[in-house]
Amino acid sequence: MVVADQDDASVAPVYPGPGRAAPWRPMEPVLWREPFDDRAWRFQPKWDGIRGLAAVQGGVTRLFGRGGGERTDRYTEIAEALPGAMGGRDCWVDGEIVALAGGRPSFERVMRRAMSRYPGASARTPVQYAVFDLVRLDGRDMRRMPWAEREAELARVLRPSRVVLATPTVAGQGQSLFEEMRSRGWEGVVGKRADSPYVAGESALWRKVKVRRRQLCAVVGYTSRGGRCRSLLIGAYDDEGRLIDLGGVSSGLTEAHLAEVAAFLRRQPHLAPPYPTRRAPDVEVAFVRPSLCVLVEYSERGSDGRLRAPVAVGFAPEAGPASAVLP
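Residues numbered from 1 in each chain as written. Predicted model: local features only at pLDDT ≥ 70, side-chain atom pairs only at ≥ 80, totals over all residues. Heavy atoms only, no water.

### Quick notes on the overall build of the protein
The cut-off we apply is this: Think of it this way: any DSSP run of H or I at least four residues long counts as a helix, any run of E at least two long counts as a strand, and we number them from the N terminus. Only protein chains enter the accessibility calculation, which uses a 1.4 Å probe; a residue is then buried when its area is under 20% of its type maximum, exposed when over 50%, and partly exposed in between. We call two residues in contact whenever any of their non-hydrogen atoms come within 4.5 Å of each other. Computed with a 1.4 Å probe, the accessible areas rest on the Shrake-Rupley method; for each residue, only the protein chains presented here act as cover. Think of it this way: Lys and Arg go in the positive column, Asp and Glu in the negative one, and His and the chain ends go nowhere. Each charge is placed at NZ for Lys, CZ for Arg, CG for Asp and CD for Glu.
Helices and strands together make up the secondary structure of the protein, namely six helices and 22 strands. Viewed in the frame of its principal axes, the protein has a C-alpha envelope of about 70 × 45 × 35 Å. Taken across its 327 residues, the protein has 48% of its residues classed as buried. When contacts within the protein are restricted to residue pairs at least 6 apart in sequence, those whose partners lie at least 24 apart make up 70%. Working note: accessible area of the protein is about 15,900 Å², and carbon and sulfur atoms make up 50% of it. Averaged over its 48 positive side-chain charges, the protein has a centre that lies 2 Å from the centre of its 39 negative ones.

### Focus on the nonpolar core
Generally speaking, a soluble globular protein has its nonpolar side chains buried in company with each other. The condition is simple: Throughout this description, the term nonpolar core refers to a set of buried Ala, Val, Leu, Ile, Met, Phe, Trp, Tyr and Cys residues connected via side-chain atoms within 4.5 Å.
Core analysis: the largest hydrophobic core is formed by 29 residues, its most contacted members being L232 and I234. Those residues in contact with L232 that lie beyond four places of it in its chain are V219, G221, Y222, G247, G248, V249, L253, L258, V261, L265 and F315. If you look at the next biggest cluster of nonpolar residues, it comprises 27 residues, including I50, M86, I97 and V110.

### Description of helix α6 (residues 255–266)
Every α-helix carries 3.6 residues per turn, so stepping three or four residues along brings you back to the same face. Using the following cut-off: By this rule, a helix spans an expected 1.5 Å times one less than how many residues it contains. As used here, the arc belongs to the directions running from the helix axis to the C-beta atoms.
Between its terminal C-alpha atoms α6 stretches 16 Å, which fits the 16 Å expected from 12 residues at 1.5 Å a residue. Taken residue by residue, α6 has L258, V261, A262 and L265 as its buried positions. Along the axis of α6, the buried residues cluster in a sector spanning 105°; they form a single face. Residues of α6 that are exposed and point over 90 degrees away from its buried face: A256 and E260. Tucked into the core, α6 has its buried residues touching β14 (213–225), β15 (228–237), β17 (270–271), β18 (284–288) and β22 (311–315).

### Some remarks on helix α4 (residues 147–157)
Of the residues making up α4, those classed as buried are W147, R150, E153, L154 and V157. Each buried residue of α4 lies within a common arc of 125° when the element is viewed along its axis, so the set occupies one face. When the buried face of α4 is taken as reference, the exposed residues oriented beyond 90 degrees from it are A155 and R156. Those residues of α4 hidden inside the fold are in contact with β2 (37–45), α1 (76–85), β8 (128–137), β12 (188–193) and β13 (201–210).

### Description of the pairing of strand β5 (residues 91–98)
Put simply, side chains in a regular strand alternate between the two faces of the sheet. Inclusion rule: DSSP bridges decide pairing: two strands pair if at least two such bridges lie between them.
Among the eight residues in β5, eight count as buried, and that is most of the element. As judged from the seven bridges shared by strand β3 (residues 50–57) and β5, these two strands associate in the antiparallel manner. Looking across to β5, one finds that A54 is bridged to V93.

### Looking at the pairing of β8
When you tally the buried positions in β8, you get 10 out of 10 residues, the bulk of the element. For β5 and β8, the ladder comprises eight bridges, and the chain directions are antiparallel. Bridging across to β8, W92 finds its partner in R136. Two strands pair when backbone bridges link them, and β8 and strand β10 (residues 164–166) are joined in this way by three bridges, in the parallel orientation. From the neighbouring strand, Y129 faces β10, where its bridge partner is V164. The pairing of β8 with strand β9 (residues 140–141) spans two bridges and is antiparallel. Residue R136 lies in a different strand from β9, and its bridge partner there is D141. Counting the residues that bridge the hairpin from β8 to β9 gives two residues, and of these D138 lies at a positive phi of roughly 50°.

Below, the structure is given as structure tokens:
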């Protein structure tokens, strides 16, 4: 196998000094459309968190983000727990900073923690560090080793704790793991070729497959700026018949789609806002009597009830607005 160019370990610092960036670039999976089975691949749950690179030396941890900026002071509980979890070994490890809610990672919670600057943030929104790769161990650069060997060495060294988590691995069976992640409300799976080295940047040797949920939504209005429709406001009914705000959607819709739908909506009876809205001063908001449904894919619902990362799949002209019901 031809190994892609990567950072020269002979010149990269073993441990970055104060204010320096991470000593290596992370490997990134490509987005893959469908889950798959393959005996040459290993599959892991996709943690819905923030990428974290950790360098441990002499019992001291430095944490860095995907882009290389230092984040140690934001996640002190991880920095304190990692040396013990790695058995006191000097190492570079790759993983995900996550915040669990109801037994599954919550991106909303981990982002809340990432943006926190107040004292006691760790007690209010605790985070964990899910380790999934071993990049360097006791001065030995492991990036050219096959992933299966790195994963086996990590399993021998790592001592999971309340703060530092191991990432489980399934050999060959990507589809069944994907279905399990879907049923548990996780983000998806990551497939890794068992013989893949650790290369800097995006590589098809790692593939991520995301779970996408679907919701039939009633179009309850639209936003516009400068006379042009920018997004559709969407909602659905709860089991008591109340209209629930699901936010807005524009992804998946072309300018032509938006213009055509807006022309239709402008001819519908306009209503007073059924719920409070917050928009920029130059954005106009109009609500209409629901008469059109759109099928929307999304990752999860936030604590405000709105859909996260919504994408319009298509309109459902045969479905009445009463069909837009929350599960």
